[in-house]
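The lines below spell out each chain.
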Amino acid sequence: MGVMALAVIEVEDLRKRFGQVEALRGISFQVDEGEIFGLLGPNGAGKTTTLKILATLVRPTAGRVCLNGFDVVREPAGVRRSIGMVFQDPSLDHELTAEQNLWFRSRLYGLPRRVAAERIDEVVAMVDLQDRRRDRVSTFSGGMRRRLEIAAALVHRPRVLFLDEPTVGLDPQTRRKIWDFVRDLRRREGVTVLMTTHYMDEAEHCDRIAVIDHGRIVALDTPAALKRRVGGDIITLTSPDPERLVGAIRERFGAELGGEVRTGPGDEVVVEHPSGAEFVPRVAGAFPDLIRSVSVRQPTLDDVFLKLTGHAIRDEQAGDMDRMRLAARMWRGRGR
C-alpha cells in the first residue's frame, strides 16, 4: 500500500453571508501536504472570501475549517503561525530596503534576532535578491516585488503559503518566472501552496483545482482530468446561419459526437468531437454552404469552465451592486 497523504487543510460545508449576500454556499475540500492547490473562478465567485476565512481574517457563518490541526475559529493564533500570505494588493513598504522589509516582518512574527538573521539570509537567496537586498523596494520591478512578497511570507517558515492572485499585473515572462520559483519552492521547502486565480493558464500549474462559481465548488480534480470532461477536440466553425448549422450537425452526426454542439459568440458554432481532425472534412463536406471557416484545438480550462457553469470565466457582472458592496465591505474588514 502507498503512503496516505496528510490533509493540511480541511474545509467542510463552509458558508459565509454578508448581509443578504451569500458569498459561500457550503463548500468542502481538503489540501494535502506538499500540494499546489488552486481555487479557480471569476471575480466575485468566493475565492478570496475562502482565503480570508482560512487566514482567520474573516469569520465563517457556518461550517468547519481546520488548518495544520488548528480550528480557524477556536485557535486562530495557531493558524496564523502556520501560514504565510501573499495578498493581491502590495504589503511592502516601498521606502524601505528589501532587507528592512524582511526585518520588519520577522519582528511581527516574534522571531529572535539570531533566527531572523538566518532566515532573512535564506529567503533572500531563495528569491534571488542577494544583490538587491539593501536597495529600496521603490527601485524594484513588479516581478522583484512579488518575489520579495513571497520571501516575506516565508520568513517564519510557515507550513502553508497562501497566494491570492499572485501574478496579477505582471507580464507573461515574469508570470512564468514566478511559477518556476513557486514549484521549486515546493520541491525544496516542502511547503503546501493554496492559490486563487482567474487565469486559466496559471491554474495549469496546480496539482488539483477546485472550480468555484457563485459560492459553490462545481468541480474538483487535476487539470488533465477536468479537461477530459470536455468531449474531445474543440472545433470552431463560422457560419452565415449558426442556428441552422447547429441543428443540421445534430441531425446528421448526433450519435457520434462526444459532447455538445452549440452556438458561440457572433457567427461561431462550437462542436466537441473525440477526433476533430477526422471529423472536420466530413462536416465541411456535408454543409459547404453553411460553413465559412474551420479551426480545431485541444480543450482548455476555459472550455471546462464554460461547460460546467454555462458562462465564460471572464464574464463580468459589473451591474451586480450587491457583489460590489460585498467586495468593498470585505476589503474594509467589516465582514469579520
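Residues numbered from 1 in each chain as written. Predicted model: local features only at pLDDT ≥ 70, side-chain atom pairs only at ≥ 80, totals over all residues. Heavy atoms only, no water.

## Notes on the overall build of the chain
Part 1 of the argument: Counting its secondary structure elements, the chain contains 12 helices and 14 strands.
Part 2 of the argument: C-alpha extents for the chain along the principal axes are approximately 75 × 50 × 45 Å.
Part 3 of the argument: Counting all 336 residues of the chain, 48% fall into the buried class.
Part 4 of the argument: Within the chain, one finds 52 positive and 49 negative side-chain charges whose respective centroids are separated by 6 Å. (Helix = DSSP H or I, 4+ residues; strand = E, 2+ residues; numbered from the N terminus. Buried < 20%, exposed > 50% of the residue type's maximum accessible area, 1.4 Å probe, protein only. Lys, Arg positive; Asp, Glu negative; His and termini not counted. Charge placed at Lys NZ, Arg CZ, Asp CG, Glu CD.)

## Quick notes on the sheet that holds strand β5 (residues 70–71)
Part 1 of the argument: Spatially, 4 strands are ordered β2-β1-β4-β5 in an open sheet, and the strand pairing comes out antiparallel. Each end of this open sheet is capped by a strand with a single partner; those strands are β2 (21–32) and β5.
Part 2 of the argument: Relative to strand β4 (residues 62–67), strand β1 (residues 7–18) is paired through 5 bridges, and the arrangement is antiparallel. Across the sheet, V11 pairs through a bridge with V65, a residue of β4. (Pairing = 2+ DSSP bridges.)

## Comments concerning the layout of surface pockets
Part 1 of the argument: Considered as a void within the structure, the second largest pocket measures approximately 290 Å³ in volume.
Part 2 of the argument: Around the second largest pocket, the lining residues are A55, T56, L57, R80, I83, G84, M85, F87, S91, R105, L108 and Y109.
Part 3 of the argument: At the level of secondary structure, the elements contributing two or more residues to the lining of the second largest pocket comprise β6 (83–86) and α3 (98–108).
Part 4 of the argument: If one sorts the elements of the lining of the second largest pocket by residue count, β6 sits on top with 3 residues.
Part 5 of the argument: For the lining of the second largest pocket, the class distribution of residues is 7 nonpolar, 3 polar and 2 charged. (1 Å grid on protein atoms, 1.4 Å probe; cavity = no way out; pocket = protein on both sides within 12 Å on 5 of 7 lines; lining within 4 Å. Points joined across faces, edges and corners; volume = space filled by probe spheres on them. Nonpolar A, V, L, I, M, F, W, Y, C, P; charged D, E, K, R; others polar.)

## So, the sheet that holds strand β12 (residues 261–263)
Part 1 of the argument: Taken in spatial order, the 4 strands of this open sheet run β12-β13-β11-β14, and their pairing is antiparallel. A single partner strand is all that each edge strand has here, and the edge strands are β12 and β14 (293–297). Ignoring which end each strand starts from, the neighbouring axes of this sheet average 20° apart.
Part 2 of the argument: Note: β12 against strand β13 (residues 268–273), 3 bridges, orientation antiparallel. Looking at β13, one finds that T263 is bridged to V269.
Part 3 of the argument: Docked against the sheet, helix α9 (residues 242–253) engages β11 (233–238), β12 and β13, running at close to 175° with respect to β12. (Axes fitted to C-alpha atoms, helices over the stretch in contact; angles between N-to-C directions. Contact = heavy atoms within 4.5 Å.)

## Focus on unusual backbone geometry
Part 1 of the argument: For T56, which is not a glycine, the phi torsion comes out positive at approximately 70°.
Part 2 of the argument: On the secondary structure map, T56 appears in the loop between α1 (47–54) and β4.
Part 3 of the argument: Positive phi outside glycine occurs at E165, with the angle close to 45°.
Part 4 of the argument: With respect to the helices, strands and loops of the structure, E165 is situated in the loop between β7 (160–164) and α6 (172–189).

## Quick notes on the packing of helix α5 (residues 142–154) against α6
Part 1 of the argument: Taken N-terminus to C-terminus, the directions of α5 and α6 make an angle of 20°; their axes are 10 Å apart at the nearest point. By the angle class used here, α5 and α6 are roughly parallel. In the packing of α5 onto α6, the handedness of the crossing is right-handed. Here G143, R146, R147, I150 and L154 of α5 come into contact with α6, specifically with T174, I178, F181, V182 and L185.
Part 2 of the argument: Across the contact of α5 with α6, the residue classes break down as 6 nonpolar, 2 polar and 2 charged. (Parallel < 35°, antiparallel > 145°, perpendicular 65-115°, else oblique. Left-handed = near helix turned anticlockwise from the far one by under 90°.)

## Topic: the pattern of salt bridges
Part 1 of the argument: Throughout the structure, instances matching the rule amount to 29 salt bridges.
Part 2 of the argument: For E99, the salt bridge goes to R133, with nearest N and O atoms at 2.7 Å. Here the residue E99 occupies a position in helix α3, and R133 occupies one in the loop between α4 (113–126) and α5, the gap between them amounting to 34 residues. Assigned by exposure class, E99 and R133 land together as buried. (Salt bridge = Lys/Arg side-chain N within 4 Å of Asp/Glu carboxyl O.)

## Some details on the pairing of strand β9 (residues 208–213)
One face of the sheet, then the other: side chains in a regular strand alternate in exactly this way.
Part 1 of the argument: For β9, a buried count of 6 out of 6 residues is recorded, marking the element as mostly surrounded by other parts of the structure.
Part 2 of the argument: Side chains of β9 alternate between two faces, with R208, A210 and I212 and I209, V211 and D213 buried alike.
Part 3 of the argument: Relative to β9, strand β3 (residues 36–40) runs parallel, the two being bridged by 4 bridges. Considered in β9, the bridge of L39 is made with A210.
Part 4 of the argument: One ladder, built from 5 bridges, connects β9 with strand β10 (residues 216–221); its direction is antiparallel. Each bridged residue has a counterpart across the sheet, and for V211 the counterpart in β10 is A219.

## Re the nonpolar core
Part 1 of the argument: Grouped together as the largest cluster of nonpolar side chains are 47 residues, with contacts concentrated most on L102, L148, I150, L161, L163, V182 and I209.
Part 2 of the argument: Residues in contact with L102, not counting those within four places in the same chain, are I120, V123, V124, L148, A151 and A152.
Part 3 of the argument: L51, V160, L194 and I212 belong to the second-largest nonpolar core, a separate cluster that totals 29 residues. (Core = buried A, V, L, I, M, F, W, Y, C linked by side-chain atoms within 4.5 Å.)

## Considering the side chain of T196
Part 1 of the argument: On the secondary structure map, T196 appears in strand β8 (residues 192–197).
Part 2 of the argument: What T196 contacts, discounting residues up to four positions off in sequence, is L39, K47, L51, L163, D164, E165 and P166.

## Digging into the packing of aromatic side chains
Part 1 of the argument: As enumerated under the stated definition, the model contains 3 aromatic pairs in all.
Part 2 of the argument: Ring centres 6.3 Å apart and planes at 90° place the aromatic pair F253 and F287 in the edge-to-face group. Here F253, found in helix α9, pairs with F287, found in the loop between α10 (276–286) and β14; they are 34 residues apart in sequence, far enough to count as distant.
Part 3 of the argument: Put simply, the rings of F253, F279 and F287 touch in pairs and so form one group of aromatic residues.
Part 4 of the argument: In this structure, K16 is placed above the aromatic ring of F18, and the distance from its NZ or CZ to the ring centre is 5.1 Å.
Part 5 of the argument: The ring of W103 carries R113 above its face, with NZ or CZ at 4.7 Å from the centroid. (Phe/Tyr/Trp six-rings, centres within 6.5 Å; stacked < 30°, edge-to-face > 60°. Lys NZ or Arg CZ within 6 Å of the ring centre and 35° of its normal.)

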